[in-house]
Amino acid sequence: MSTAEEIFVGYVAIYSSQQMYCEHGACIVAGTQSFMNKYLKASSSESKEYQKRKTLFHQIVDGMEMGGAYAFDLESYKIFNSLAKKVGLNLIQEDKPPAISGQSFIFNSLEKL
């Protein structure tokens, strides 16, 4: 793996081995644990016992390659977008992402070639 693939991008919240915290069809990536706590508190999923875990660039790309979409807050998006450009990913970005807990998110998935 290249160095870029091992860079920390943000936090995801995991409920079970098959369930991540998602909104509007995209898995949420927060720049900090406190931001993730804020998003979970504002969501309808708050009652679930989520574990916050660090996520690396390659883990997000792996998820996208399996068809997943991700929503990044500004802090995590700066890191992810910089790395995506560096490795030449073709991303699809939603034009007007909805806000979650007052925070705007940038929704991305991989472009199908």
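Up top is the structure these notes are about.
What you see is a predicted model; the values in this text were computed from it and never measured.

K.L.:
Any chance you could break down the sheet that holds strand β2 (residues 19-20) for me, citing the residues and the numbers?
P.N.:
Strand order in the open sheet made by the three strands is β2-β1-β5, with antiparallel pairing throughout. A strand with exactly one partner marks an edge of an open sheet, and here the two such strands are β2 and β5 (51-56). Across six bridges, strand β1 (residues 8-16) lies against β5 in antiparallel orientation. Its bridge partner being in β5, Phe8 is matched across the sheet by Leu56. Set on the sheet, helix α1 (residues 33-42) makes contact with β1 and β5; between it and β1 the angle comes to about 40 degrees.

K.L.:
Please give an account of the nonpolar core that cites residues and values.
P.N.:
Soluble globular proteins tend to pack their nonpolar side chains together in the buried interior. Formed by 18 residues in total, the largest nonpolar core has its most connected members in Val9, Ile60, Phe72 and Phe80. Elements with a minimum of two residues in this core: β1, β4 (26-29), α2 (57-65), β6 (70-72), α3 (74-87) and β10 (106-110). Not counting the four nearest positions on each side in its chain, Val9 is found in contact with Val29, Thr55, Leu56, Phe57, Ile60, Phe72, Ser76, Ile79, Phe80 and Leu83. Judged by nonpolar contacts, the second largest core, of twelve residues, contains Ala13, Ala26, Met36 and Ala71.

Basis of the calculations
Residues numbered from 1 in each chain as written. Predicted model: local features only at pLDDT ≥ 70, side-chain atom pairs only at ≥ 80, totals over all residues. Heavy atoms only, no water. Pairing = 2+ DSSP bridges. Helix = DSSP H or I, 4+ residues; strand = E, 2+ residues; numbered from the N terminus. Contact = heavy atoms within 4.5 Å. Axes fitted to C-alpha atoms, helices over the stretch in contact; angles between N-to-C directions. Core = buried A, V, L, I, M, F, W, Y, C linked by side-chain atoms within 4.5 Å. Buried < 20%, exposed > 50% of the residue type's maximum accessible area, 1.4 Å probe, protein only.

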